[in-house]
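Chain residues, written in single-letter form:
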Amino acid sequence: MTTPTLNYLTTRLPSLLPKSTHLSDIPNPFRLLASLDRQNWAFFSVAFFAWTWDAFDFFTVSLTLPDLAKSFGRSRTEITWGITLVLMFRTVGAVAFGVVGDRYGRRWGFVVNNGLFVVLELATGFCQTYSQFLACRALFGIAMGGLYGNAAATALEDLPPIARGLMSGLLQQGYAFGYLLSTAFSRALVDSTPYGWRPLFWFGACPPVLIIGLRLLLPETRTYQKLKMERELKHQQQQDEEEGSGQEGGTGMRKKGVTHVFWEQGKQVMRKEWLLLTYMVLLMAGFNFMSHGSQDLYPVLLDTQFLFSRDQGTIIQVIANVGAMFGGTTVGFMSQFAGRRLSILVMCVLGGAMLYPYTATDVANQGWGRIAAAAFWEQFAVQGAWGVIPAHLMELSPAKFRTFVVGTSYQLGNLVSSASSTIESTIGERFPLPPETTPDGTVVGQRCEYGKVICIFMGCVYAYVVVLTLLGPECLGRRFDRRDSEALEDTGVVFEEDHEQGFEIFQGAQGEREKRDRKGEEAV
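Since the structure is predicted, the reported quantities are computational estimates derived from the model, not experimental observations. Residue numbering note: each chain is counted from 1, following its sequence as written. Owing to the predicted nature of the model, reporting of local features is limited to residues with pLDDT of at least 70; listing and counting of side-chain atom pairs is limited to 80 or more, with chain, interface and lining totals taken over all residues. With hydrogens and water stripped out, all remaining heavy atoms of the structure feed into the side-chain values.

Enquirer: Please clarify how the overall build of the protein chain should be interpreted in this entry.
Expert: Secondary structure elements are taken from DSSP: a helix is a run of H or I of four residues or more, a strand is a run of E of two residues or more, and numbering for both begins at the N terminus. Along the backbone of the protein chain there are 26 helices and six strands. Partly exposed describes any residue whose relative accessible area lies between the buried limit of under 20% and the exposed limit of over 50%, with all areas from a 1.4 Å probe on protein chains only and scaled to the type maximum. Counting over 524 residues, the protein chain shows a buried share of 56%. Note on definitions: a residue-residue contact is assigned when non-hydrogen atoms from the two residues lie within 4.5 Å. Counting contacts in the protein chain only where the partners sit at least 6 residues apart, residues at least 24 apart contribute 82% of the total. Calculation of accessible area relied on Shrake-Rupley with a 1.4 Å probe; when residues are assessed, cover is drawn exclusively from the protein chains displayed. Here the protein chain has roughly 21500 Å² of accessible surface; of this, 64% comes from carbon and sulfur atoms.

Enquirer: How do you make sense of the side chain of Thr-422 when you look at a structure like this?
Expert: Residue placement: Thr-422 occurs in helix 23 (residues 420-428). Residues within four places of Thr-422 in sequence aside, it is in contact with Thr-77, Thr-80, Trp-81 and Thr-84.

Enquirer: Just to check I follow, could you spell out a nonpolar patch on the surface for this structure?
Expert: Think of a patch as exposed residues, more than 30% relative accessible area, with no salt bridge, where like charges cluster within 9 Å and nonpolar side chains (Val, Leu, Ile, Met, Phe, Trp, Tyr) cluster within 5 Å. Salt bridges, as used here, are contacts in which a Lys or Arg side-chain nitrogen is within 4 Å of a carboxyl oxygen on Asp or Glu. A cluster of nonpolar side chains, namely Trp-81, Met-88, Phe-89, Val-92 and Leu-415, defines an oily patch on the protein surface of about 400 Å² accessible area. Within the secondary structure, Leu-415 is located in helix 22 (residues 402-416).

Enquirer: What am I meant to see in helix 8 (residues 130-156) here?
Expert: Along an α-helix, a turn takes 3.6 residues, which lines up residues three or four apart on a common side. Here the expected length of a helix is defined as 1.5 Å per residue gap, with one fewer gap than residues. Taking 1.5 Å of rise per residue, 27 residues should cover 39 Å, and helix 8 covers 39 Å from first to last C-alpha, within 8% of that figure. Along helix 8, 22 of the 27 residues are buried, which leaves the element largely enclosed by surrounding structure.

Enquirer: Can you walk me through helix 7 (residues 106-125) in this structure?
Expert: Between its first and last C-alpha, helix 7 extends 29 Å over 20 residues, near the 28 Å set by a 1.5 Å rise per residue. Of the positions making up helix 7, those classed as buried are Arg-106, Gly-109, Phe-110, Val-111, Asn-113, Asn-114, Phe-117, Val-118, Leu-120, Glu-121, Thr-124 and Gly-125.

Enquirer: I tried to follow the packing of aromatic side chains on my own but got confused; where do I start?
Expert: Ring pairs shown here join Phe, Tyr and Trp side chains whose ring centres sit within 6.5 Å, with only the six-membered ring taken for Trp; geometry is labelled stacked below 30 degrees between planes, edge-to-face above 60, and tilted in between. The full count for this structure, using the stated rule, is 30 aromatic pairs. With a centroid separation of 6.1 Å and 20 degrees between ring planes, the pair formed by Phe-44 and Phe-48 is classed as stacked. With Phe-44 and Phe-48 both in helix 3 (residues 38-63) and four residues apart, this pair spans about one turn of that helix. Given the relative accessible area of 6%, Phe-44 is considered buried. A centroid spacing of 5.1 Å and a plane angle of 55 degrees characterise the contact between Trp-377 and Phe-380, whose relative ring orientation is tilted.

Enquirer: In this structure, what is going on with the nonpolar core? I would like to understand it.
Expert: The criterion is simple. A nonpolar core is a set of buried Ala, Val, Leu, Ile, Met, Phe, Trp, Tyr and Cys residues joined through side-chain atoms within 4.5 Å. Core analysis: the biggest nonpolar cluster contains 112 residues, and Phe-133, Phe-287 and Met-290 have the highest contact counts within it. Look past the residues within four positions of Phe-133 in its chain and what remains in contact with it is Val-61, Leu-68, Phe-72, Ile-79, Gly-82, Thr-124 and Cys-127.

Enquirer: Looking at this structure, I do not really get the pattern of salt bridges. What am I missing?
Expert: Note on pairing: side chains with opposite charge can pair once their charged atoms come close. In this structure the tally under the stated criterion is nine salt bridges. One salt bridge in this structure joins Arg-164 and Glu-395, with 3.2 Å as the shortest N-O distance. Of this pair, Arg-164 sits in helix 9 (residues 164-189) while Glu-395 is found in helix 21 (residues 389-396), placing the two residues 231 residues apart along the sequence. No difference in accessibility class separates Arg-164 from Glu-395, as the two residues are buried. One salt-bridge network, in which partners are shared between bridges, spans Arg-164, Arg-340 and Glu-395.

Enquirer: I would appreciate a short explanation of unusual backbone geometry in the present structure.
Expert: A positive phi angle, near 60 degrees, is found at Leu-307, a position not held by glycine. For Leu-307, the location among the structural elements is in the loop between helix 15 (298-305) and helix 16 (310-338). Judged by its relative accessible area of 14%, Leu-307 falls in the buried class.

Enquirer: Looking at this structure, how should I read the confidence of the model for the protein chain?
Expert: Low-confidence regions, as indicated by low pLDDT, have predicted coordinates that should not be scrutinised in detail. Here the protein chain shows a mean pLDDT of 80. Residues at 70 or above account for 81%. How sure the predictor is of each residue is captured by pLDDT, a score from 0 to 100. Note on residues 247-255: pLDDT under 50 across the span, and nine contacts to partners over four residues away in sequence or across chains. Low confidence marks residues 482-524, where pLDDT is under 50. Its contacts with residues over four positions away, or in another chain, come to 88 contacts.

Enquirer: Explain the environment of Thr-361 to me, please; I cannot follow it from the model alone.
Expert: Within the fold, Thr-361 resides in the loop between helix 18 (355-360) and helix 19 (363-366). Given a relative accessible area of 8%, Thr-361 falls into the buried group. Here the alpha-carbon distance between Thr-361 and Ile-371, two residues ten residues apart in the chain, equals 6.6 Å.

Enquirer: How should the packing of helix 17 (residues 340-353) against helix 20 (residues 368-386) be read in this particular structure?
Expert: For any two helices packed against each other, the geometry is given by the interaxial angle and the distance between the axes. Their axes nearest at 8 Å, the elements helix 17 and helix 20 cross at an angle of 155 degrees. Overall, the two elements helix 17 and helix 20 adopt an arrangement that is roughly antiparallel. Considering the relative orientation of helix 17 and helix 20, their crossing is left-handed. Across the interface between the two elements, Ile-344, Met-347, Leu-350 and Gly-351 of helix 17 pack against Trp-377, Glu-378, Phe-380, Ala-381, Gly-384 and Ala-385 of helix 20. The residue classification treats Ala, Val, Leu, Ile, Met, Phe, Trp, Tyr, Cys and Pro as nonpolar and Asp, Glu, Lys and Arg as charged. All others, Gly included, are polar. Broken down by class, the residue content of the contact of helix 17 with helix 20 amounts to seven nonpolar, two polar and one charged. Working convention: axes come from line fits to C-alpha atoms, limited for helices to the stretch in contact. Angles between N-to-C directions cover 0 to 180 degrees. Working definition: roughly parallel below 35 degrees, roughly antiparallel above 145 degrees, roughly perpendicular at 65 to 115 degrees, and oblique for all remaining angles. Helix crossings get a hand from a simple test, with the near helix turned counterclockwise from the far one by less than a right angle marking a left-handed crossing and a clockwise turn marking a right-handed one.

Enquirer: I tried to follow the environment of Phe-287 on my own but got confused; where do I start?
Expert: With respect to the helices and strands, Phe-287 occurs in helix 14 (residues 274-295). Setting aside residues no more than four positions away along its own chain, Phe-287 makes contact with Ile-344, Ala-385, Trp-386, Ile-389 and Val-465.

Enquirer: Can you walk me through the side chain of Arg-90 in this structure?
Expert: As for its position among the elements, Arg-90 is in helix 6 (residues 81-104). Two residue types count as positive, namely Lys and Arg, and two as negative, namely Asp and Glu; His and chain ends fall outside the count. Buried charge without a salt bridge: Arg-90, with Asp-54 as the nearest opposite-charge side chain at an N-O distance of 5.8 Å. Ignoring any residue separated from it by four or fewer positions in sequence, one finds Arg-90 in contact with Trp-51, Phe-58, Gly-141, Ile-142, Met-144, Gly-145, His-292, Tyr-410, Gln-411 and Asn-414.

Enquirer: Looking at this model, I keep getting lost on the packing of helix 6 against helix 8. Mind explaining?
Expert: With their axes 5 Å apart at the nearest point, helix 6 and helix 8 run at an angle of 40 degrees to one another. What the angle tells us is that helix 6 and helix 8 run oblique. Considering only the axes of helix 6 and helix 8, their crossing is right-handed. Taking contact as the criterion, the partners of Trp-81, Gly-82, Leu-85, Val-86, Phe-89, Arg-90, Val-92, Gly-93, Ala-94, Phe-97 and Gly-101 in helix 6 are, on helix 8, Tyr-130, Phe-133, Leu-134, Arg-137, Ala-138, Phe-140, Gly-141, Ile-142, Met-144, Gly-145, Gly-146 and Asn-150. Its residues placed into classes, the contact of helix 6 with helix 8 shows 14 nonpolar, seven polar and two charged.

Enquirer: Would you mind going over the environment of Ser-417 with me for this structure?
Expert: Topologically, Ser-417 is positioned in the loop between helix 22 and helix 23. For Ser-417, a relative accessible area of 0% translates into the label buried.

Dropping the structure here:
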């Protein structure tokens, strides 16, 4: 183990401490909100609602799983492949739309994503066979995967750095809000018409049309416009040096050259930042195991193991998602003061402590009120940790490829964790429970002890996230302007803490790389 690596490891525990312990240093959240201008709010709002509806469309399968199994004549475990395929194919969308977002702008990838949501949610509602259902969900995964990076960049990259933690927490809670809306509309639409589960999917196709219209009214973000101008100026400088800027036919060559500059920058990022990108993927794998492991099969647990009625199950899930939204917003805000990594670690400890009451409460003797309280705090912890992630990933990512890196690392993590619900369902079937009759007289025959499986599974996930977060880097307060980003992009494998700015950075093992082409950059 090299000396720089040892030096880095010795800083991991001390670097968790907040830079200041005075409560007076905590900024007023209302002043932070007031620091955003109208364009900031417009970008954030359209990204928030898109991410909300992304989550709504995803959870439509989890909430109608028994109905889908009955409609297609398949087991619940087989239907969970509709969830797994979405998570697996999200990586394809993240790569494709991430490249489009970084090269051609955030707006058009965002619009195409939401257009695909409309088509694929409608198509899912008209599926007549299991194969058609799986095909639609796989394609939906591509669309869903492409949205996150564009939405995070649209919402956060133009914000004042001091407001980033709070707004990151608010943005991430679009996921919990989408789950809450999906739960409420599932109760209202499923089995309330002769079409069973299908109206929920048809309804899910409508709001993205409005989101598309709102996004088309907005320009590109200021940060992207600056990056685009820098690429064009850099290419123009190359043209001036090699061929002369006034040559005939220069326009066509320039267009081709800007794209060439983009791909060359991409190669440099992949070559220099491979360690950072690998870490981000591993971290996102743990976070996606955390969310999907605690949420995807929970409606089935409430329905079949705890024998809750539809109304009781809906109430529990609404309470859980209120806890999630409260946790994500609160912890996202506090992470701006306490630090991203420390906030994640505290939430993992809280989530681990709440696992047993969340999954193994004796409902018959202790009542469903305890389940509601446990669900609130468990999802407070899960989404509290998640509330840090949008800002954390944005701060770690290279500026020129922020959409690609944020979206791809998130979705590659999703790919690793894609089988979480199928794993839990398959293992749960090894712990069968005897048939029971619900209070309304319905006999539930296919029962499994999903609570035990979720509890053990999530305990392992929390331990993994704790270790990875403890060892990982942090760039709290990193600016997104060009000079700061360029300095951080010349990176390698050694970590160093920047005490003046209050965050850690990856600094190149060969320090001279930071000075490379500096004169050329200043000339540009």
